[in-house]
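Take a look at the letters that make up each chain.
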Amino acid sequence: NNPMAERNYPCDNLIEVYFGPEVLRNANATGEHVFKKQLYLCMLAQALHVKGNIETRRAANTFGLLIWQLNEIWPTGGWGSVEYGNKDAQGQVIGGRWKPLHYFYRQSALADVMATCAPSGVCYVKNDLSAEFTGDLLIEAVNLEKGEVIPLHHEPNLQMPLGPGVSKWFTIKEQLPQEDPSTYVLIAHASRHHYEKSSSSSSSSSSSSSQRSAVVSANTILLDTPRNLQLRRANVQFQIAEHPNADKTVNIQLRTDVVALYVTLTTLAQGRFSDNCFVVLPGRESVITFIPFGPLNLEVLRASTRVEDLSSYLATSSSA
């Protein structure tokens with residue numbers, strides 16, 4: 001029997017739109033692999049749909065959003081961005097496991113300062129802080145076949161006045177790669193500058209300041225629907241640190257042989273990841289942390305953590 005037949009919101013329409021009707025040919029099949037595939041694609045479709053909706057609204061004079069909904073009230077693949085959180089139910093995380101959508105909120109969709117672009121090359125950067133923003137904006141193109149990263153637009157000293165609701169529009173139409181948009185994705189990074197004062201080593205009272213930057217948003221932007229993306233099958237590997245950090249978080253290193261989109265880690269350990277559902281590039285090691293909810297159970301983290309990415313279920317070619 002299909003265990004989710006009467007416990008899940010219909011997701012076949014979203015999966016078909018984003019990932020194509022061919023992935024629904026075995027929609028009524030059962031088994032672990034099929035179940036994982038359907039849940040992953042359902043959650044990613046939900047995340048992409050809501051993210052696009054929010055970005056459209058933030059492009060207009062919208063000063064607030066009411067999110068429906070935050071948490072699920074039973075185990076289901078519904079519209080919540082956080083899973084059902086009954087700690088007494090097997091497999092559940094206290095407070096609710098973060099879905100891809102919740103990580104999207106944190107990465108860019110609900111970040112105070114974020115940037116995005118349309119397929120036409122028209123872009124905007126938004127400041128919804130109740131303060132001025134000084135920072136760095138970088139938009140890059142990532143070639144899905146070769147893994148090359150090409151800078152398209154860089155503002156190392158972006159100045160935006162007091163928010164909220166401040167937007168700056170610009171275009172990168174002339175800088176976009178000439179290749180088909182199914183062969184690359186964009187990544188928009190926004191970082192905030194801050195200055196640290198350091199005293200002189202001499203006996204005088206002179207001091208200097210150094211500029212540092214902190215990433216405030218990182219937005220993966222698709223210029224074509226996921227069903228059309230030219231994805232190579234990625235071999236994503238991860239390594240969990242031998243020992244936790246002083247604050248009980250645990251470092252996790254990730255690497256891949258080809259571009260991996262929407263890399264998502266899942267675990268039975270009680271907690272969340274510092275980031276999830278993100279891009280991992282070949283030749284660049286990515287490091288995130290696991291943040292425990294309550295006491296850390298490193299054994300469960302090691303034994304149950306698994307990784308998926310979009311090419312796990314939608315690759316158009318092998319990485320060989």
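Scroll up to find the structure this text is about.
No experiment lies behind these values; they were computed from the predicted model shown.

Student: What is the right way to look at the state of the cysteines in this model?
Tutor: A covalent bond between the sulfur atoms of two cysteines is referred to as a disulfide. This model, assessed by the stated rule, comprises 2 disulfides. With its sulfur 2.3 Å from that of its partner, Cys11 forms a disulfide with Cys42. Across the disulfide from Cys11 to Cys42, rotation about the S-S bond amounts to roughly 110°, and the bridge is consequently right-handed. Of the two residues, Cys11 is situated in the segment before α1 (12-19) and Cys42 in helix α2 (residues 32-58); the sequence distance between them amounts to 31 residues. Taken individually, Cys11 and Cys42 each receive the classification buried, so the pair is uniform in this respect. Across the disulfide, Cys117 is cross-linked to Cys123 (sulfur-sulfur distance 2.1 Å). One disulfide, between Cys117 and Cys123, carries an S-S torsion of 105° and so falls in the right-handed class. The buried category is assigned to Cys117, whose relative accessible area is 9%. Judged by its relative accessible area of 0%, Cys123 is buried.

Student: What is the right way to read the environment of Gln178 from this model?
Tutor: Checked against the element boundaries, Gln178 lands in the loop between β5 (166-171) and β6 (184-199). Distance in space between the C-alpha atoms of Gln178 and Val125 is 24 Å, their sequence separation being 53 residues.

Student: Whenever I open this one, the environment of Glu22 confuses me. Can you help?
Tutor: As for its position among the elements, Glu22 is in the loop between α1 and α2. Among the residues examined, Glu22 registers a relative accessible area of 39% and is labelled partly exposed. The sequence separation of Glu22 and Gly96 amounts to 74 residues, and the corresponding C-alpha distance is 32 Å.

Student: Mind showing me how you'd approach the pairing of strand β3 (residues 133-143) here?
Tutor: In regular strands, side chains alternate between the two faces of the sheet. For β3, the tally of buried residues reaches 10 of 11 residues, placing the bulk of the element in the interior. Sheet topology places β3 next to strand β4 (residues 149-160); 9 bridges connect them, and they run antiparallel. Bridge pairing in β4 places Phe133 opposite Met160. Where β3 hands over to β4, the hairpin turn is made up of 5 residues, of which Gly147 adopts a positive phi near 80°.

Student: Quick question: what am I supposed to make of the pattern of salt bridges here?
Tutor: For side chains bearing opposite charge, pairing can occur when the charged atoms are close. A full pass over the atoms with the stated rule returns 8 salt bridges. Note that Glu32 is salt-bridged to Lys36, the shortest N-O span being 2.7 Å. Here Lys36 and Glu32 lie together in helix α2, a separation of 4 residues that amounts to about one turn. For Arg97, the salt bridge identified is with Glu83, shortest N-O distance 2.8 Å. Taken together, the positions of Arg97 in the loop between α2 and α3 (100-109) and Glu83 in the loop between α2 and α3 put the pair 14 residues apart, joining distant regions of the chain. Overall, Glu83 belongs to the buried group, its relative accessible area being 19%.

Student: What's the story with the sheet that holds β5 in this structure? I'm lost.
Tutor: Remark on secondary structure: sheet strands pair via backbone hydrogen bonds, oriented parallel or antiparallel. Read across the open sheet, the 3 strands follow the order β1-β2-β5; overall the sheet is antiparallel. Whereas interior strands pair on both sides, the edge strands pair on one side only; in this sheet they are β1 (113-117) and β5. Shown here is a sheet whose adjacent strand axes are inclined to one another by a mean of 15°, direction ignored. By the bridge criterion, 6 bridges tie strand β2 (residues 122-127) to β5 in an arrangement that is antiparallel. Pairing of Asn127 across the sheet is with Val166, part of β5.

Student: Would you take a moment to explain the packing of aromatic side chains for this structure?
Tutor: Aromatic ring pairs are reported here in terms of the distance separating the ring centres and the angle at which the planes meet. Inspection of the entire model under this criterion finds 6 aromatic pairs. Relative to Tyr313, the ring of Tyr40 has its centre 5.4 Å away and its plane inclined at 50°; by these criteria the two rings are tilted. Pair noted here: Tyr40 is in helix α2 and Tyr313 is in helix α5 (residues 311-314), with a separation of 273 residues, a long-range link. Comparing Tyr40 with Tyr313, the two get one shared label, buried. Ring centres of Phe273 and Phe290 lie 5.4 Å apart, and the angle between their planes is 65°; this geometry places the pair in the edge-to-face category. Note that Phe273 is positioned in strand β11 (residues 271-273) and Phe290 in strand β13 (residues 286-292), a separation of 17 residues in sequence. As far as burial versus exposure is concerned, Phe273 and Phe290 are alike and both buried.

Student: Would you take a moment to explain the sheet that holds strand β8 (residues 237-240) for this structure?
Tutor: Here 4 strands make up an open sheet; going across it, the order is β8-β9-β13-β11 and the pairing antiparallel. In this open sheet, the two edge strands, each paired with only one partner strand, are β8 and β11. Between one strand and the next, the sheet's axes are offset by a mean angle of 25°, whatever the strand orientation. Sheet analysis places β8 next to strand β9 (residues 250-255), joined by 4 bridges and oriented antiparallel. Its bridge partner lying in β9, Gln237 is registered against Arg255.

Student: How do you make sense of the nonpolar core when you look at a structure like this?
Tutor: Among soluble globular proteins, nonpolar side chains are generally buried collectively. Phe19, Leu44, Leu261, Tyr262 and Leu310 are the most contacted members of the largest nonpolar core, which has 35 residues in total. Of all the secondary structure elements, the ones that give two or more residues to this core are α1, α2, α3, β6, β10 (260-266) and α5. Ignoring any residue separated from it by four or fewer positions in sequence, one finds Leu44 in contact with Phe19, Phe104, Tyr262, Cys277 and Leu310. Core analysis: the next-biggest nonpolar cluster, separate from the first, contains 23 residues, Cys123, Leu129, Phe133 and Leu137 among them.

Analysis parameters
Residues numbered from 1 in each chain as written. Predicted model: local features only at pLDDT ≥ 70, side-chain atom pairs only at ≥ 80, totals over all residues. Heavy atoms only, no water. Disulfide = S-S within 2.5 Å. Helix = DSSP H or I, 4+ residues; strand = E, 2+ residues; numbered from the N terminus. Buried < 20%, exposed > 50% of the residue type's maximum accessible area, 1.4 Å probe, protein only. Pairing = 2+ DSSP bridges. Salt bridge = Lys/Arg side-chain N within 4 Å of Asp/Glu carboxyl O. Axes fitted to C-alpha atoms, helices over the stretch in contact; angles between N-to-C directions. Phe/Tyr/Trp six-rings, centres within 6.5 Å; stacked < 30°, edge-to-face > 60°. Core = buried A, V, L, I, M, F, W, Y, C linked by side-chain atoms within 4.5 Å. Contact = heavy atoms within 4.5 Å.

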